[in-house]
Amino acid sequence: MKNKSKKISKTSEERRESLARLLQEQGLKIYSELDRGEFPKFSVPSRSVSNIVYDKKLRQYVLGNTASIRSARNMSQLRSFAQLIWLAFFANRLVQEKKSSTLRDIYYSSQAFSIDFEDQPESDNIIVDLEAVLARPREDLHIFPEERSSVFGDLTIEYTVPGYEGKRTNLSDHPDGYLIGPSLSSAELVDTSAELVIAIEKGGLFTRFVEEKIDKKFKAIIVDTAGQAPRATRYLLKRLHNEMGLPVVILTDGDVYGEHIAMVIKSGSANAAHLRELTVPDAKWIGVWATDIEKYKLPTIPMTESDIKRIYDLQKDPRYQEGIWKKELEVFLKIKRKAELEAFSKYGLTNITDKYLPEKLEIAKSL
Amino acid sequence: MSSSKESFNQISPSEFFYRNRDLAGFSNPTRSLYTAVREFVENALDACDQAGILPDVYLSIKAVDDEQADPKPYILTVKDNGPGIDSKHIPLAFGTVLYGSKFGLKQARGMFGLGATMAILYGQITTNKPVVVKSSPDGQSQDEYELLLDIQKNKPIIVKHNTKEVSKRGLSVSICLEGDYSKAGAKIRDYVYQTSLITPYATITFEDPKGEKFHQTKIVKTMPLPPTIIKPHPHGIDVETIRRMMADSHFQIPTVDNKMIEKVRKELGLKKNNLNYSEIMEKASKRWPGLSRHVRVVIAVMSFLKMDFEKLSKIRIDDMDIANKILAYWDFGESKSVSIDLDPESEYYKQLTNTVQGETLISFLTKRFQRIGQATAVKFTAFANLKPEKRIGTMTNQELVKLSDSLQKFEDFLSPDPSCLAPLGEEPLKKGMEQFFKPDFLEVVQRGASAYSGFPFIAEMGIAYGGEIKSVGQTVYRFANRIPLLYDEGSDVVLKVVNEIDWTRYKVKNDAPLVIVSHICSTRIPYKTVGKENVADRPEIERELRLALQFLARKLATFMSKRGHAEMEKKRANLYSKYIPLVAQFCTELAGKKKEPDYKKMLKMEAMVEE
């Protein structure tokens, strides 16, 4: 166990160092261009729809080869060029000083350096540009969104944020769970007795699962994705899978959006096609399936127009061309009804944990 | 008739205007003050223009009693450096209505000088004070009159008259009238300002009742060429005018009295000699080209009478019946009437018929109208279905109407002669606008002469952009015959043309600081209303204005794109000097270096590109 944690610690440190090198490389490149009297430039991978392709090998969306040059020579690009180099500069400080920041922070911080963003969407966009240039998620740059989700279970972590360095916490110590924030994202994952990660779409069910001691009953770490999983959450799921070797199962509402929440955890979103660190290709969606709605006779709600449209859209997506992904979409389209996780409460509050979950986990083994 | 209760009295023109002063712009104290200012200032400028003198006009309005509330009496004085008026004409010119000198077909600000007399009349009826006129045509002696109008008799009453020595030529008119400066002030100031703009060769000074002074020294020292009086254009003529023109050209058989005989003798060089009939005829045919028309007619008559001067002095020509080819005369010696046959084969027969029946239509057309040549005249007579050789003296009323109608309708006449117009000219307009607006961009254009309904006109236009012009959007100054058109602009043709232009096509934003000066000059401006503040949208005028504006807008567009380019370069330089140092600062820390890269040479390079 000790051996394992040491290795993990090195991984986290390596990541930080390689990022620092990457930033310095960019800095040096621009420095020498300026010194030679040349206009500096960045090559920014294009994030336009035409450059987003599905990589079957990686099982996620990736950016194609198209990249645009953002040059300081071009007057219309000079401003955003300066914004980009400033962001790299600012992220470097954050990483060096081990401080975290939010998307909103970035927008305001820029003003102290005479870099003017017109609004937050503009600065958010530059952050995505830098992610694409470095091929690193913004969380690596210590920039976090406001949205938070939670985690609960037997997992010991060791903080790396200033003031907490070396301090350890077990994530089962607090019954409301732990926010998946910057300090948790940057913490080393030290030890766990869990054998499984259950990601669940809804905070209410998350609390139920904690109360019903699902963590103990199924030796599981429970993650609340709070709807579409934030990137910090997906990043944590990936680490739990890759670093701790835990399988990930996903439980969502029985509708097309739930199915897609599971898919994004598994193979990422088109929005983050420039990043490779956020997917858990082996993650399994265990419910609620369309077929479950009939099987468990769940109370249902009729689908809306947009629900149905969404099904047609997803049917064009290459990831929905096989297996349960394809099948369940078809069933949804056929029954045109949907069911929420809470629907199980019709058969008693613990019906979902006592009956449904064990059965689905059993089925998952064969997926 | 004596039983009739209705009596018909002839009223004098003064009386007429007194009763209808609203028509002339003297309806209330506000309007009257403004109208009076206009009339006097325009008269002053017209007088100087006609005399070829660079005008120096001084206008002052002073309250008789500062404390009194408006409306109240004001003393309005307008002084110029013009030719003045001969002392003997002054009482009639300023003390009667309808006494003027501004007749004839040429461009002037006012038409008949009526307005000034109206102002004097208005002043008199509101304040009962005389008009004070000081005039010095020679710059040495000045006649000063105080005059009142006898409204019923339309006659001047001279209250006071004296003469004194002065050193300046010119005319000064001062009246006391009821006015409302608090209401009319803005309009009067606008008027003075805009008049200065369109009269850049004039020095104009205005002292208002509050002691504020407007002074504009002349900007150019050349006067526009004075207009000339010209023959009418066929399109601008009516039946009555034709009748008058014919009467002017009508030539009576001269009375053959002793005085006339003396004249004939003199022209033939026979003052002393007494020649017989055939000798006279021989002499006449030798000298024919140099003889006056009267003399030729007498010679022609003599050729049929076969008389010498002595016999001729004893008869009286009674009738010349061209149709029956008979000439009748009374012989004093024989005391009887004699008639002789006229031989149509005689070379003198034509001379007589011409005289009695007037000239031929062709000749009338080519001689009495502008821009009609022989070919056009012939073409026209065919068009009008009138005989080219028709004598105008023999035309019936019906034929006259036909002639008049056809003159209006015939389209092959050349456009009217613009020499009767006096546009300001591109250079003075440009200099005036330059001085007034100090713009970044200025362009003016004078269109060629054109005509509507037989009245020639010329459109001049200027456009100024930026600089000291701070207005949001365009300001349009409209002028007609060098008079500012201040109000009632809604339906004006100039505004119509300006509003219809799509400025975005010329790279001009709608809120761009723009001044447009439009000047239409014509022998007759087609005003839409009696107020003479807006010009009607005659298609010909509209077209000229549009072409002028489009020309100017294109020039402006060229300027704007050049300027846009320069601004872009400047913006570029600014951007570089802002961002490059920042980029340098950031990448230095990012690269882990201490010293910033040498980026200064890049900024210098940029500066060079800009030049």
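Starting from 1, residues in each chain are numbered consecutively following that chain's sequence as written. Here every chain gets a letter starting at A, and every ligand a number starting at 1, in the order they are written. Local features in this predicted model are restricted to residues whose pLDDT is 70 or higher, and side-chain atom pairs enter the listing and the counts only when it is 80 or higher, whereas totals over whole chains, interfaces and linings include all residues. Computation of side-chain values covers all heavy atoms of the structure but excludes hydrogens and water.

As for the overall build of chain B
Only DSSP runs of H or I reaching four residues or more are called helices, and only runs of E reaching two or more are called strands; each is numbered from the N terminus. Check the secondary structure of chain B and you find 18 helices and 17 strands. For chain B, whose C-alpha radius of gyration is 34 Å, the value lies well above the compact-globule estimate of 25 Å for 611 residues. In chain B, of all internal contacts separated by at least 6 residues, the share reaching a separation of at least 24 is 70%. Here the Shrake-Rupley method, with its probe set to 1.4 Å, supplies the accessible areas, and only the displayed protein chains count as covering residues. Surface summary for chain B: the accessible area is close to 30500 Å², and the carbon and sulfur share equals 49%. Only C-alpha atoms enter the radius of gyration; for comparison, a globular chain is expected to reach 2.2 Å times N to the power 0.38, where N is the number of residues. The contact definition used throughout considers only heavy atoms, calling two residues in contact when any of these lie within 4.5 Å.

Overview of the sheet that holds strand 9 (residues 315-321) of chain B
All names here are of chain B. Reading across from one edge, 9-10-11 is the order of the 3 strands in this open sheet, with antiparallel pairing throughout. Of all the strands in the sheet, just strand 9 and strand 11 (336-341) have a single pairing partner and so form its edges. Pairwise comparison of adjacent strand axes, ignoring direction, gives a mean angle of 25° for this sheet. Strand pairing is assigned whenever DSSP identifies at least 2 bridges connecting the two strands. Axes here refer to lines fitted to C-alpha atoms; in helices the fit is confined to the stretch in contact. Angles between the N-to-C directions go from 0 to 180 degrees.

Some words on the packing of aromatic side chains
Stacked, edge-to-face and tilted are the three classes for Phe, Tyr and Trp ring pairs, Trp counted by its six-membered ring, which pair at centre distances within 6.5 Å; planes under 30 degrees apart are stacked, over 60 edge-to-face, the rest tilted. One pass over the full model with this rule turns up 36 aromatic pairs over all chains. Relative to Tyr181(B), the ring of Tyr74(B) lies with its centre 6.5 Å away and its plane at 55°, an arrangement referred to as tilted. Highlighted residues: Tyr74(B) in strand 2 (residues 72-79) and Tyr181(B) in helix 5 (residues 181-198), separated in sequence by 107 residues. Grouping residues by exposure puts Tyr74(B) and Tyr181(B) together as buried. Among the aromatic residues, those joined into a cluster by ring pairs are Trp86(A), Phe89(A), Phe90(A), Phe113(A), Phe117(A) and Phe586(B). A ring is considered to have a charge above it if a Lys NZ or an Arg CZ atom is located within 6 Å of its centre and within 35 degrees of its normal. Across from the ring centre of Trp289(A), 3.3 Å away, lies the NZ or CZ of Lys360(A), which sits over that ring. Over the aromatic face of Tyr58(B) sits the side chain of Lys79(B), whose NZ or CZ is 5.2 Å from the ring centroid. Type-normalised accessible area, obtained with a 1.4 Å probe on protein chains alone, sets the label of each residue: buried when under 20%, exposed when over 50%, and partly exposed for intermediate values.

Focus: the packing of helix 11 (residues 305-315) of chain A against helix 12 (residues 323-335) of chain A
All names here are of chain A. Look at helix 11 against helix 12: their axes get within 10 Å of each other, and the N-to-C directions meet at 150°. Taken together, the axis directions place helix 11 and helix 12 in an arrangement best described as roughly antiparallel. In this structure, helix 11 crosses over helix 12, and the sense of that crossing is left-handed. Contacts between helix 11 and helix 12 involve Ile308, Ile311, Tyr312, Leu314 and Gln315 from the former and Leu329, Glu330, Phe332 and Leu333 from the latter. Oblique is the label for every angle not falling under 35 degrees (roughly parallel), over 145 degrees (roughly antiparallel), or within 65 to 115 degrees (roughly perpendicular). With the far helix as reference, a near helix turned anticlockwise by less than a right angle produces a left-handed crossing, and one turned clockwise produces a right-handed crossing.

Quick look at the environment of Lys213(B)
All names here are of chain B. Within the secondary structure layout, Lys213 lies in strand 8 (residues 213-216). On a C-alpha basis, the gap between Lys213 and Gln124 in space is 27 Å, while along the polypeptide they are 89 residues apart. Beyond its immediate chain neighbours, meaning those up to four positions away, Lys213 contacts Thr205, Phe206 and Glu207.

A look at the pattern of salt bridges
By salt bridge we mean one thing: a side-chain nitrogen of Lys or Arg within 4 Å of a carboxyl oxygen of Asp or Glu. Scanning all chains against the criterion turns up 47 salt bridges over all chains. Across the pair Asp129(A) and Arg70(A) runs a salt bridge whose closest N-O atoms are separated by 3.0 Å. Of this pair, Asp129(A) sits in helix 4 (residues 120-134) while Arg70(A) sits in strand 4 (residues 67-71), and the two are 59 residues apart along the sequence. Here Asp129(A) falls in the buried class, since its relative accessible area comes to 6%. The buried category is assigned to Arg70(A), whose relative accessible area is 13%. One salt bridge connects Asp492(B) with Arg478(B), and the closest N-O pair in it is separated by 2.8 Å. Remark: Arg478(B) occurs in strand 15 (residues 474-480) and Asp492(B) occurs in the loop between strand 16 (483-485) and helix 16 (493-500); sequence separation between them is 14 residues. Arg478(B) matches Asp492(B) in its accessibility class, with the two residues each being buried. A single network of salt bridges, built from pairs that share partners, joins Lys496(B), Glu500(B), Asp537(B), Glu542(B) and Arg546(B).

As for unusual backbone geometry
Negative phi characterises most residues that are not glycine, and trans characterises most peptide bonds. For the bond running from Gly287(A) to Val288(A), omega is 0°, close enough to zero to count as cis. Looking at the secondary structure, you find Val288(A) in the loop between strand 15 (284-287) and helix 10 (290-295). Put simply, Asp70(B) and Pro71(B) share a cis peptide bond, and its omega is -5°. One non-glycine residue, Arg59(A), adopts positive backbone phi at about 60°. Within the fold, Arg59(A) resides in the loop between strand 2 (52-55) and strand 3 (60-63). A relative accessible area of 34% means that Arg59(A) is categorised as partly exposed. The backbone of Lys219(A) sits at a positive phi, close to 50°, despite the residue not being glycine.

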